[in-house]
Amino acid sequence: SAVISQKPSRDICQRGTSLTIQCQVDSQVTMMFWYRQQPGQSLTLIATANQGSEATYESGFVIDKFPISRPNLTFSTLTVSNMSPEDSSIYLCSVEDRQTVSGGYEQYFGPGTRLTVT
Amino acid sequence: SQKIEQNSEALNIQEGKTATLTCNYTNYSPAYLQWYRQDPGRGPVFLLLIRENEKEKRKERLKVTFDTTLKQSLFHITASQPADSATYLCAPGEYGNKLVFGAGTILRVKS
């Protein structure tokens, strides 16, 4: 299993500013995932971050708005840029457990960052 | 487009009873299905994975079924306890593709 920590745990930000969320994993992992979860809704994948390459963004999410860094195999950051109230959400990072041989890997999640934009 | 449906209304049950949560999916042929538990203010925690060739899987008080004909998974918690109160998410998956999560069902177990 993997233990994941995120910073900050929560923040209140003003419209137009940017916030960088950090994700630290206690073991080396190839892929890290960034999700957004709005109240009462499902987890929505923002992007997949591989070490040493550009992140892969899902439909509806763009690099200019959500730049991601992946400097090594245990760390990643997600920046929410030029924030608006619609960006208020919980942001979660996640990794897969690739110990399972046959696929269908379970995922481990960080505790999340609760962002409120005023 | 792929659609995952979980009961949007909270499920309220009495302690000791069996809780049954439903996950239906459409426009989708998942090779496996995962269930997660999420407590308020925390990230989801993996509970069980069931593959398309498995009809049922058990883990302690948890039981999951997977009916690919009905396109449905049922998640059972037997002898439920107040500590089981949480949101439960289903996530059908295809090998090589990302997981897609349902919105979750809130379970409340009352003593």
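Structural data are supplied above this passage.
Below: a short report on this structure.

Conventions adopted
- Note on numbering: residues in each chain are counted from 1, in written sequence order.
- Each chain gets a letter, beginning with A, and each ligand a number, beginning with 1, in the order they are written.
- Per-residue local features of the predicted model are confined to residues with pLDDT of at least 70, and side-chain atom pairs are confined, for both listing and counting, to 80 or more; whole-chain, interface and lining totals are unaffected and use all residues.
- Only hydrogens and water are set aside; all other atoms, that is, all heavy atoms of the structure, feed into the side-chain values.
- When checking whether two residues touch, look at their non-hydrogen atoms; a contact exists if any pair is within 4.5 Å.
- A side-chain nitrogen of Lys or Arg and a carboxyl oxygen of Asp or Glu constitute a salt bridge if their distance falls within 4 Å.
- Polar contacts, as counted here, are pairs of nitrogen or oxygen atoms within 3.5 Å of one another; within protein the pair requires one atom able to donate a hydrogen and one able to accept it, and residues that are adjacent in sequence qualify only if both atoms are side-chain atoms.
- All residues other than Ala, Val, Leu, Ile, Met, Phe, Trp, Tyr, Cys, Pro, Asp, Glu, Lys and Arg, Gly among them, are scored as polar; the first ten of these are nonpolar and the last four charged.
- Between buried and exposed lies partly exposed: a residue is buried under 20% and exposed over 50% of the maximum accessible area for its type, with that area taken using a 1.4 Å probe on protein chains only.
- Helix and strand definitions here come from DSSP, where helices need a minimum of 4 consecutive H or I residues and strands a minimum of 2 consecutive E residues; each element is numbered from the N-terminal end.
- Note: two strands are recorded as paired if DSSP finds a minimum of 2 bridges between them.
- In this analysis, axes come from line fits to C-alpha atoms, helices being fitted only over the stretch in contact, and the angle between any two N-to-C directions falls in the range 0 to 180 degrees.

1. A short note on the interface of chain A and chain B
Thinking step 1. Tallying the contact residues gives 19 residues for chain A and 18 residues for chain B.
Thinking step 2. Where chain A touches chain B, the interface holds zero salt bridges.
Thinking step 3. Our count for the contact surface shared by chain A and chain B stands at two residue pairs in polar contact (both at pLDDT 80 or more).
Thinking step 4. For the side of chain A that touches chain B, the per-class residue count stands at seven nonpolar, ten polar and two charged.

2. Observations concerning the pairing of strand β4 (residues 31–37) of chain A
Residue and element names in this part refer to chain A.
Thinking step 1. With six of seven residues buried, β4 is to be regarded as a mostly interior element.
Thinking step 2. Here β4 pairs with strand β5 (residues 43–50) via seven bridges, running antiparallel. Looking at β5, one finds that Arg 36 is bridged to Thr 44.
Thinking step 3. Between β4 and β5, which pair antiparallel in sequence order, lie five residues; one of them, Gly 40, sits at a positive phi of approximately 75°.
Thinking step 4. As judged from the six bridges shared by β4 and strand β9 (residues 89–96), these two strands associate in the antiparallel manner. Note that in β9 the partner of Phe 33 across the bridge is Ser 94.

3. Some thoughts on the sheet that holds strand β5 (residues 45–51) of chain B
Residues and elements named next belong to chain B.
Thinking step 1. Ordered in space as β2-β10-β9-β4-β5, the five strands form an open sheet in which the pairing is mixed. Single-partner strands in this sheet number two, and they are β2 (11–14) and β5. The average angle at which neighbouring strand axes cross in this sheet is 25°, direction not considered.
Thinking step 2. As paired elements, β2 and strand β10 (residues 105–110) share four bridges and run parallel to each other.

Just distances and angles here, no functional claims.
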